[in-house]
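Chain by chain, the residues:
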Amino acid sequence: MASYEGNKGPVLLSSGPLRKKIEMAKKLGYDGVDLFSNVTQIEEAREAGRVFRENNLEIALMVATTLSAEGVNLTDPDLVKCENSVRRYQEQIDIAQAMGARGMPVGYLRGDRMEGISEDAYEERLAQSLRQIEAYAGQRGIKIWLEPVNRYEINTMNSAEKTREFLRKYEISNVGLLLDVFHMNIEDNGIIPTILKCKGYIGHVHLPDNQRYACGSGCFDFQAILEALKETGFDGYVSVEAFPVFGEYESARMSIETLKEALAEQ
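Predicted model, so just to flag it, every value in this text is computed and none were measured.

Chemist: What is the right way to read the nonpolar core from this model?
Modeler: Counting 74 residues, the largest nonpolar core has Met 1 and Phe 166 as its most contacted members. When neighbours within four sequence positions are excluded, Phe 166 is seen to be in contact with Glu 123, Leu 126, Ala 127, Leu 130, Leu 146, Met 157 and Ile 172. Residues Ala 2, Tyr 4, Val 63 and Trp 145 belong to the second largest nonpolar core, which totals eight residues.

Chemist: Help me understand the sheet that holds strand E4 (residues 143-146), please; the structure alone is not making it clear to me.
Modeler: Each strand in a sheet pairs with its neighbour through backbone hydrogen bonds, running either in the same direction (parallel) or in the opposite one (antiparallel). Pairing is parallel across the open sheet formed by five strands, whose spatial order is E3-E4-E5-E6-E7. The outermost strands of the open sheet, each flanked by one partner alone, are strand E3 (103-106) and strand E7 (238-239). Here E4 runs beside strand E5 (residues 175-180); their pairing, made up of three bridges, is parallel. Note that in E5 the partner of Ile 144 across the bridge is Val 175. Here helix H4 (residues 79-99) sits on the sheet in contact with E3 and E4, set at roughly 150° to E3.

Chemist: I keep staring at a negative patch on the surface and nothing clicks. Help me out?
Modeler: Negative charge collects at one region of the surface, where Asp 221, Glu 227, Glu 231, Glu 261 and Glu 265 lie side by side. By the secondary structure assignment, Glu 231 is in helix H9 (residues 222-232).

Chemist: Before we go on, may I ask you to explain helix H2 (residues 42-54) in this structure?
Modeler: Every α-helical turn comprises 3.6 residues, leaving residues that sit three or four positions apart pointing alike. Spanning 13 residues, H2 covers 18 Å between terminal C-alpha atoms, matching the ideal 18 Å at 1.5 Å per step. Listing the buried residues of H2 in full gives Ala 45, Ala 48, Gly 49, Val 51 and Phe 52. Within H2, the buried residues cover an arc of 155° as seen down the axis, which keeps them to one side. In H2, the exposed positions angled more than 90 degrees off the buried face are occupied by Glu 43 and Arg 53. Close packing links the buried residues of H2 with helix H1 (18-28), strand E1 (32-37), strand E2 (58-64) and H4.

Chemist: What exactly am I supposed to notice about the state of the cysteines here?
Modeler: By definition, a disulfide links the sulfur atoms of two cysteine residues through a covalent bond. Taken as a whole, this structure holds zero disulfides when the rule is applied. We note that Cys 215 lacks a disulfide partner, and the nearest cysteine sulfur, in Cys 219, lies 12 Å from it. Judged by relative accessible area, Cys 219 falls into the exposed class, the value being 60%.

Chemist: Would you mind going over the packing of aromatic side chains with me for this structure?
Modeler: When we look at a pair of aromatic rings, we describe it by the centre distance and by the angle of the planes. Counted by the stated rule, this structure contains three aromatic pairs. Here the aromatic rings of Phe 166 and Tyr 170 are separated by 5.0 Å at their centres, their planes lie at 45°, and the arrangement is tilted. Taken together, the positions of Phe 166 and Tyr 170, both in helix H6 (residues 160-170) and four residues apart, correspond to about one turn of that helix. Its relative accessible area of 2% is what places Phe 166 among the buried residues. Exposure remark for Tyr 170: the relative accessible area of 9% places this residue in the buried category. With a centroid separation of 6.2 Å and 85° between ring planes, the pair formed by Phe 220 and Phe 222 is classed as edge-to-face. The two residues Phe 220 and Phe 222 agree in class, both being buried. Cation over ring: Arg 140 sits above Tyr 136, and NZ or CZ is 3.5 Å from the ring centre.

What counts and how
Residues numbered from 1 in each chain as written. Predicted model: local features only at pLDDT ≥ 70, side-chain atom pairs only at ≥ 80, totals over all residues. Heavy atoms only, no water. Core = buried A, V, L, I, M, F, W, Y, C linked by side-chain atoms within 4.5 Å. Buried < 20%, exposed > 50% of the residue type's maximum accessible area, 1.4 Å probe, protein only. Contact = heavy atoms within 4.5 Å. Pairing = 2+ DSSP bridges. Helix = DSSP H or I, 4+ residues; strand = E, 2+ residues; numbered from the N terminus. Axes fitted to C-alpha atoms, helices over the stretch in contact; angles between N-to-C directions. Patch = residues over 30% accessible without salt bridge, like charges linked within 9 Å, V, L, I, M, F, W, Y side chains within 5 Å. Areas by Shrake-Rupley, 256 points an atom, 1.4 Å probe, with all protein chains shown as cover. Salt bridge = Lys/Arg side-chain N within 4 Å of Asp/Glu carboxyl O. Lys, Arg positive; Asp, Glu negative; His and termini not counted. Charge placed at Lys NZ, Arg CZ, Asp CG, Glu CD. Expected span 1.5 Å × (residues − 1). Arc of directions from axis to C-beta. Disulfide = S-S within 2.5 Å. Phe/Tyr/Trp six-rings, centres within 6.5 Å; stacked < 30°, edge-to-face > 60°. Lys NZ or Arg CZ within 6 Å of the ring centre and 35° of its normal.

Spelled out as structure tokens, the structure:
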């Protein structure tokens, strides 16, 4: 879901006023949503949060789209720019808190590893930025989730296993994994075994189908995926980050019906 009107990305329910989209999600049976947000003012965030609470719909994840537009890069080799990126992310943590969101992602905002920068130096800079962010977020009740993204979109931490090892190595508290089965299908050696290997690290999960369309439109075995998540003890939200090629409402309906059916078969 988007807080604004219209979106060309893998976002369901982006057209129309926010209240209408919230009511539609609740009518379809969703308990929570990922909110792609361009909100920058605390009062606006509080008002949006109020509408979510009135409809008993939780913001499982708040994606601050303004940060990407500003070029935030949490591993910028320029220390001043990197520190400014951390500060801007922290400001959006305040927005997430005002909305009542559970967590925020770090995906593309970690930045590519630039030419001439070693992998160790890149990871050290990212770990330093994440420690500042998670400390700030933890004081405000916001979780931070690091997302593995496939090689065609970023050049580092493409696989879930690689990203899990980064978190294990640097022992960054209040930071978990955001697993997206679309990216995992490209980068990892099997979705199910990788989920099981990530036990204890998973904080949030994206479940589009294999072609990044609505659940039930492709070939993923969602029953097996949900069973694997259950086996790890995961108790967070799974959400649908998919391109609405069948229409926003129909894609949202197909997805939740497919996931509910998979749950019922367990």
